Amino acid sequence: MSKTADLIEQVDQYSAHHYHPLPIVIERAEGCWVHDVEGGKFMDMLSAYSALNHGHRHPRILEAMKKQLDKVTLTSRAFHNDQIGPFSEQLAKATGLGMSLPMNSGAEAVETALKLARKWGHVVKGIPKNTGEIIVCDGNFHGRTISIISFSTEPKYKGAFGPFTPGFKSIPYGDSDALAQAITPETAAFLVEPIQGEGGVIVPPEGYMKRVRELCDKHNVLLIADEIQTGLGRTGKMFCCEYDDVKPDILIMGKALGGGVYPISAISSEPELMLLFGKGEHGSTFGGNPLGCAVATEALRIIEDEGLVARSYETGEIFRARLSEMASPLIKEIRGRGLLIGVEIKEEYGPARPFCEALMSHQILCKETHESVLRFAPPLGFSADELDWAMERIEKVLKNAP
Ligand SMILES: *Cc1c(COP(=O)(O)O)cnc(C)c1O
């Protein structure tokens, strides 16, 4: 048997079957390239769902991590460490929001935001205790905890995992009138992705976030933007909300914040909101650890130093233009901003998965989202030559039905 088959059999035997990966076993990577155990070379156009905006093993990220490994990695928050201050200041500069709270995974940061919004709803807005409501959108993806799947509209995510957490209401995405109608005196917050990534790279109508911001201001409702996938340059702005000149009350980040090597997430807000968390009301053993903070500080600096935001914007424009020029009869729609690109396959040509398999046989790795959509999201430093290399192969696969 091949090495690949052996390793896949081993993981199938000993590890849970909650994913459906492509049949490739990766053993090393650099930039936007990965190598499998058979000696094959592939271009990574998924970037770990945008956690690899910097590319694989960015030298400066590795250097920052190695340096910190030789000093101290974990202190717990029972003591201070010398990395969390510089990280928090750097993040405040990047977000334009004065304070942050570091966690580990995206879902944890979402949970943190929901807790803060509920407390604000009661303590500041005066919503009676335990009745505050949070509005979300159909097709949302915010993570996998019990509370977060409680307001998912995807049956597969909810499965048999109930009973669910109350206090959430879902409305159509991209429809600001629906938000206006859904808000009640009990509404504490509106939680939204400025582009729905897992939902199929759904870009809302022009000016949606601006209108949402106005409605939240008018009705004294917090605006929570989940930019775990869209943030940190992915969509051609540092944060996708900037397309509408919108500043959320709570900004949620994760994925690329860890530079592709270390899980770290955070929420940011102005101090008056963040300081509602009292001592002992929230926490995480690893949250804010010096290793994660050192890596994240460097990850933020690299985005600035290498102009990754502008590169994402420019390469994204060219990428989408070239996809359109291809005039493939299989494509229903090309969507996205910056280097978060969704290509929806026409229904009659079936699900997107066989296209991912065909792309893999042409050395391109990407993953379907929402059955019929191919998501292309390469690392942000992706060059013109690399795009040419990729387009040649994508064209072969998308010109004809597999
Ligand atoms: C990935 C993602 C999450 C969850 O992050 P995890 O680190 O997997 O918990 C939440 N929201 C959005 C928009 C995401 O893309």
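A short tour of the structure in this document, coming up.

Thresholds, definitions, all that
- Residues numbered from 1 in each chain as written.
- Predicted model: local features only at pLDDT ≥ 70, side-chain atom pairs only at ≥ 80, totals over all residues.
- Heavy atoms only, no water.
- 1 Å grid on protein atoms, 1.4 Å probe; cavity = no way out; pocket = protein on both sides within 12 Å on 5 of 7 lines; lining within 4 Å.
- Points joined across faces, edges and corners; volume = space filled by probe spheres on them.
- Helix = DSSP H or I, 4+ residues; strand = E, 2+ residues; numbered from the N terminus.
- Nonpolar A, V, L, I, M, F, W, Y, C, P; charged D, E, K, R; others polar.
- Pairing = 2+ DSSP bridges.
- Polar contact = N/O pair within 3.5 Å; in protein donor to acceptor, adjacent residues only side chain to side chain.
- Contact = heavy atoms within 4.5 Å.
- Near = heavy atom within 4 Å.

What follows deals with the layout of surface pockets. Here the second largest pocket defines a volume of roughly 580 Å³. Residue assignment for the lining of the second largest pocket shows that the elements contributing at least two residues are α4 (84-95) and β4 (99-103). Per-element accounting of the lining of the second largest pocket gives the leading share, five residues, to β4. Across the lining of the second largest pocket, the residue classes break down as eight nonpolar, nine polar and three charged.

Let us now look at the sheet that holds strand β1 (residues 26-30). On the basis of which strands lie adjacent, the open sheet formed by four strands has the order β1-β2-β3-β13 and mixed pairing. What marks the edges here is a single partner per strand, and that holds for β1 and β13 (364-365).

With respect to the element layout, serine 150 can be found in helix α6 (residues 146-150). A polar atom in the side chain of serine 150 sits 2.7 Å from the backbone nitrogen of threonine 165. When sequence neighbours within four positions are dropped, the list of residues in contact with serine 150 reads Lys158, Phe164 and Thr165.

The ligand sits among Ser105, Gly106, Ala107, Phe141, His142, Gly143, Glu193, Asp226, Ile228, Gln229 and Lys255. With respect to the ligand, the backbone of alanine 107 contributes an N or O atom lying 2.8 Å from an oxygen atom. Contact between the ligand and glutamine 229: an oxygen atom at 2.8 Å from a side-chain N or O atom of the residue.

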